Amino acid sequence: MFNKLEFIRSAHAIDQFDKSGLPEVLFCGRSNVGKSSLINTLLNRKNFAKTSSTPGKTRSVNYFLIDEKFKLVDLPGYGYAKTSFAEREKWAKLVKDYLSNSDSIELAFHLIDSRHKPTELDDKLNLLLKSSSITYIVILNKVDKLNQSQLATAKKRIIEHYPELNFGDNLYIFSSVTKKGRKELMSLLNKLFYNS
Ligand SMILES: Nc1nc2c(ncn2[C@@H]2O[C@H](COP(=O)(O)OP(=O)(O)O)[C@@H](O)[C@H]2O)c(=O)[nH]1
Ligand SMILES: [Mg+2]
């Protein structure tokens with residue numbers, strides 16, 4: 001599993017989206033929430049998916065081909081509260097275009113920072129995923145930053161916010177620092193793409 005890793009390309013507009021038809025696993029969420037780090041942790045690579053401490057750097061869709069079987073797709077992140085209206089609209093359009101133009105989406109991971117309650121744009125993404133009938137999993141990320149009681153609070157808060165979530169089913173916790181949650185996500189991908 002995860003033997004052959006290839007970077008396919010970065011796409012900036014609809015006509016550059018990958019049309020190979022291979023199944024896709026999407027990574028989406030706020031910029032800086034840890035999408036690229038999650039990809040690197042799953043792949044056991046240091047900086048295969050480029051990480052950045054500058055929020056909002058990924059403005060393109062990045063494709064990674066795994067074992068010539070399926071693709072990990074790093075979607076552009078959305079910004080913080082101070083992101084301009086125009087920037088938000090640009091992000092929303094690209095993601096909307098993406099969700100409505102790909103018929104190969106197998107699963108989407110929606111990463112949310114475990115320290116904060118979901119933002120308005122998280123809610124927008126959640127609605128976009130629902131209205132596109134995409135199977136999605138929420139990942140409460142950076143749990144290394146929380147102690148036990150804060151983690152319990154974070155789990156409770158996310159389920160109150162998105163009542164459709166069930167821990168271990170469509171809700172997982174993760175940390176790329178401690179690698180907590182890696183095993184569970186790997187097992188999920190294993191079942192999906194390696195029939196084991
Ligand atoms: N403490 C902690 N920091 C993380 C974690 N994941 C990512 N980071 C840090 O958060 C910043 C943004 O990560 P990145 O993966 O580039 O986020 P992206 O913009 O969503 O792709 C980087 O400084 C990472 O080192 C995590 O699980 N725990
Ligand atoms: Mg990134």
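Quick note: structure is the one above.
Cut-offs and rules
- Residues numbered from 1 in each chain as written.
- Chains lettered and ligands numbered in written order.
- Predicted model: local features only at pLDDT ≥ 70, side-chain atom pairs only at ≥ 80, totals over all residues.
- Heavy atoms only, no water.
- Pairing = 2+ DSSP bridges.
- Helix = DSSP H or I, 4+ residues; strand = E, 2+ residues; numbered from the N terminus.
- Axes fitted to C-alpha atoms, helices over the stretch in contact; angles between N-to-C directions.
- Expected span 1.5 Å × (residues − 1).
- Buried < 20%, exposed > 50% of the residue type's maximum accessible area, 1.4 Å probe, protein only.
- Arc of directions from axis to C-beta.
- Contact = heavy atoms within 4.5 Å.
- Polar contact = N/O pair within 3.5 Å; in protein donor to acceptor, adjacent residues only side chain to side chain.

Enquirer: I keep staring at the sheet that holds strand β1 (residues 5-11) and nothing clicks. Help me out?
Expert: Two pairing modes exist for strands in a sheet, parallel and antiparallel, and in both the strands are linked by backbone hydrogen bonds. Taken in spatial order, the seven strands make up an open sheet running β1-β3-β4-β2-β5-β6-β7, and their pairing is mixed. Where the open sheet ends on each side, the last strands, each with one partner, are β1 and β7 (171-173). Across the sheet, the axes of successive neighbouring strands diverge by a mean angle of 20°, strand direction being ignored. Of the strand pairs in this sheet, strand β5 (residues 105-113) and strand β6 (residues 136-141) are connected by six bridges, and their pairing is parallel. The residue bridging D113 from the neighbouring strand is N141, located in β6.

Enquirer: Just to check I follow, could you spell out helix α4 (residues 148-161) for this structure?
Expert: Residues separated by three or four positions in an α-helix point in the same direction, a consequence of the helix having 3.6 residues per turn. Between the first and last C-alpha of α4 there are 20 Å, a value that for 14 residues agrees with the 20 Å anticipated at 1.5 Å per step. All of the buried residues in α4 are L151, A154 and I158. Projected down its long axis, α4 carries its buried residues within an arc of 55°, all on one side. Exposed residues pointing more than 90 degrees away from the buried face of α4 are listed as S149, K156 and E160. Looking at the buried positions of α4, the neighbouring elements they touch are β5, β6 and β7. Where α4 begins, one side-chain oxygen reaches toward the backbone nitrogen of S149, 3.1 Å away; that side chain belongs to N147.

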